[in-house]
Amino acid sequence: MADRIVEIASLSDADAISALFTRSYSQLLKDDYAPDVLARAMPFLSFAKPELMSSCSYYLVKETGKRVIAAGGWTAVRPGTSEKSVQPGLAHVRHFAVDPEFTRQGLGKVLFDRCVHDAKVAHAATRFECYSTLSARRFYEKLGFEIIGTFEAPFASDFTFPSLHMVCEL
Ligand SMILES: CC(C)(COP(=O)(O)OP(=O)(O)OC[C@H]1O[C@@H](n2cnc3c(N)ncnc32)[C@H](O)[C@@H]1OP(=O)(O)O)[C@@H](O)C(=O)NCCC(=O)NCCS
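What counts, and where the lines are drawn
Residues numbered from 1 in each chain as written. Predicted model: local features only at pLDDT ≥ 70, side-chain atom pairs only at ≥ 80, totals over all residues. Heavy atoms only, no water. Helix = DSSP H or I, 4+ residues; strand = E, 2+ residues; numbered from the N terminus. Contact = heavy atoms within 4.5 Å. 1 Å grid on protein atoms, 1.4 Å probe; cavity = no way out; pocket = protein on both sides within 12 Å on 5 of 7 lines; lining within 4 Å. Points joined across faces, edges and corners; volume = space filled by probe spheres on them. Nonpolar A, V, L, I, M, F, W, Y, C, P; charged D, E, K, R; others polar. Pairing = 2+ DSSP bridges. Axes fitted to C-alpha atoms, helices over the stretch in contact; angles between N-to-C directions.

Caption draft 1: Seen up close, the environment of D32. Mapped onto the secondary structure, D32 falls in the loop between α1 (14-28) and α2 (35-45). Separated by 58 residues in sequence, D32 and L90 place their C-alpha atoms 29 Å apart. Residues contacting D32, with those up to four places away along its chain left out, are L134 and S135.

Following this line, the structure appears as structure tokens:
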């Protein structure tokens, strides 16, 4: 981890981050979702949202100057809602993914630590929420999150994606 630098993502990173999402989600969710569910979800899971890429609170790690191997961030806006949803002190985890070749090396934790630091400074955050994949549950629990319910992520009018609603008091 010593040579890994966390950078703020920009719109020009969108294609590389989308490629990371494809590698990560297609491999690391296989044990927890049926193949047809995962296949239907992949276009949504692998889409790098432009507003997130340009938010200045979305971060990435590159493999020594090359491909993007980890990404994740936070927003004050709840995913899928508008600015009206912003609550004082509450931050939301956004679109974490680590390359399958680089998991369990602390990259996800490094990115979350950066989120916590920046959300405290910019938004006086005291609490984080996330909509976790079933596969990332133990990662978030290790970071201090607790499950407060299940969540069906509304990917399309006829398709929802089983997720967990989790919360972490800072
Ligand atoms: C979830 C994810 C981001 C974790 O990234 P990571 O870089 O591997 O996580 P870290 O190495 O920082 O893990 C920190 C700690 O979390 C726990 N943890 C992480 N992944 C775990 C797993 N698969 N099973 C059990 N515990 C896990 C461990 O305690 C780990 O510490 P340790 O390795 O010293 O035991 C990564 O597995 C991933 O991209 N998953 C697929 C995409 C996804 O589901 N993203 C979440 C979107 S909500």
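Caption draft 2: Region of the structure containing the layout of surface pockets. In this structure, the largest pocket encloses a volume near 1400 Å³. For the lining of the largest pocket, the elements supplying multiple residues, two or more each, are α1, α2, β4 (90-98), α4 (107-123), β5 (127-133), α5 (137-143), β6 (146-156) and β7 (159-169). Examining the composition of the lining of the largest pocket, we find that 6 residues originate from one element, β4, more than from any other. Tallied by class, residues from the lining of the largest pocket come to 26 nonpolar, 11 polar and 6 charged.

Caption draft 3: View of the sheet that holds β6. Pairing within the open sheet is mixed, and its 7 strands lie in the order β1-β2-β3-β4-β5-β7-β6. Looking at strand neighbours, the two that pair on one side only are β1 (6-8) and β6, the edges of this open sheet. Geometrically, the sheet is characterised by an average inter-axis angle of 30° between neighbouring strands, direction not taken into account. Relative to β7, β6 runs antiparallel, the two being bridged by 9 bridges. Residue pairing for β7: G149 is matched across the bridge by H165. α1 rests against β2 (58-62), β3 (68-75), β4 and β5 of the sheet, and its axis sits at about 80° to β4. Against the sheet, α4 contacts β1, β2, β3, β4 and β5, and its axis sits at roughly 30° relative to β3.

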